[in-house]
Amino acid sequence: MATGELTELETAIEKIVTVFFTYAAKEGKKGTLTASEFKELVQLQLPNLMKDVPSLEEKMNELDVNNDEELKFGEYWRLIGELAKAMRREKAGKKK
């Protein structure tokens, strides 16, 4: 896909994808996150952005739109979008 050196944004996207598949490969289906994989990913990769989430189980249930008790990449991407929106709001608030 990429032929040259990745830009800063392309590298960030690649990292988001790589992190998902690294954790998704640990157990269960290789292309989905189980509850324990999701919890480990959040605790190790998102400890600051997710520190105010009271229940990871509830958050996973909220993201799991097809209720199969696993997160596919699209469901994980919803979390990334939510975190990006929260970060944008925080940065916009600091400019005032």
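Notes on the structure in this doc start here. (Residues numbered from 1 in each chain as written. Predicted model: local features only at pLDDT ≥ 70, side-chain atom pairs only at ≥ 80, totals over all residues. Heavy atoms only, no water.)

### Details of the overall build of the chain
Here's step 1: Looking only at helices and strands, the chain has four helices and zero strands in total.
Here's step 2: Along its sequence from the N terminus, the chain presents helices and strands in the succession α-α-α-α.
Here's step 3: When its C-alpha atoms are laid out on the principal axes, the chain stretches across 40 × 40 × 25 Å.
Here's step 4: Buried residues in the chain amount to 27% of all 96 residues.
Here's step 5: Sequence separation of 24 or more characterises 40% of the internal contacts of the chain that already satisfy a separation of 6 or more.
Here's step 6: The distance from the centre of the 16 positive side-chain charges to the centre of the 18 negative ones in the chain is 7 Å. (Helix = DSSP H or I, 4+ residues; strand = E, 2+ residues; numbered from the N terminus. Buried < 20%, exposed > 50% of the residue type's maximum accessible area, 1.4 Å probe, protein only. Contact = heavy atoms within 4.5 Å. Lys, Arg positive; Asp, Glu negative; His and termini not counted. Charge placed at Lys NZ, Arg CZ, Asp CG, Glu CD.)

### Focus on the packing of helix α2 (residues 35–45) against helix α3 (residues 56–63)
Here's step 1: Interhelical geometry of α2 versus α3 gives an angle of 110° and a closest axis separation of 10 Å. With respect to α3, the axis of α2 lies roughly perpendicular. Pair α2 / α3 crosses with right-handed handedness. Of the residues in α3, those in contact with A35, F38, K39, V42 and Q43 of α2 are L56, K59, M60 and L63.
Here's step 2: Here the contact of α2 with α3 is built from residues that sort into six nonpolar, one polar and two charged. (Axes fitted to C-alpha atoms, helices over the stretch in contact; angles between N-to-C directions. Parallel < 35°, antiparallel > 145°, perpendicular 65-115°, else oblique. Left-handed = near helix turned anticlockwise from the far one by under 90°. Nonpolar A, V, L, I, M, F, W, Y, C, P; charged D, E, K, R; others polar.)

### Digging into the nonpolar core
Here's step 1: L33, F38, L41, L46, M50, Y76 and L79 are the most contacted members of the largest nonpolar core, which has 18 residues in total.
Here's step 2: Taken together, the elements giving at least two residues each to this core come down to α1 (8–24), α2, α3 and α4 (73–94).
Here's step 3: Sequence-distant contacts of Y76, defined by excluding residues within four places in its chain, comprise I16, V19, F20, L33 and L41. (Core = buried A, V, L, I, M, F, W, Y, C linked by side-chain atoms within 4.5 Å.)

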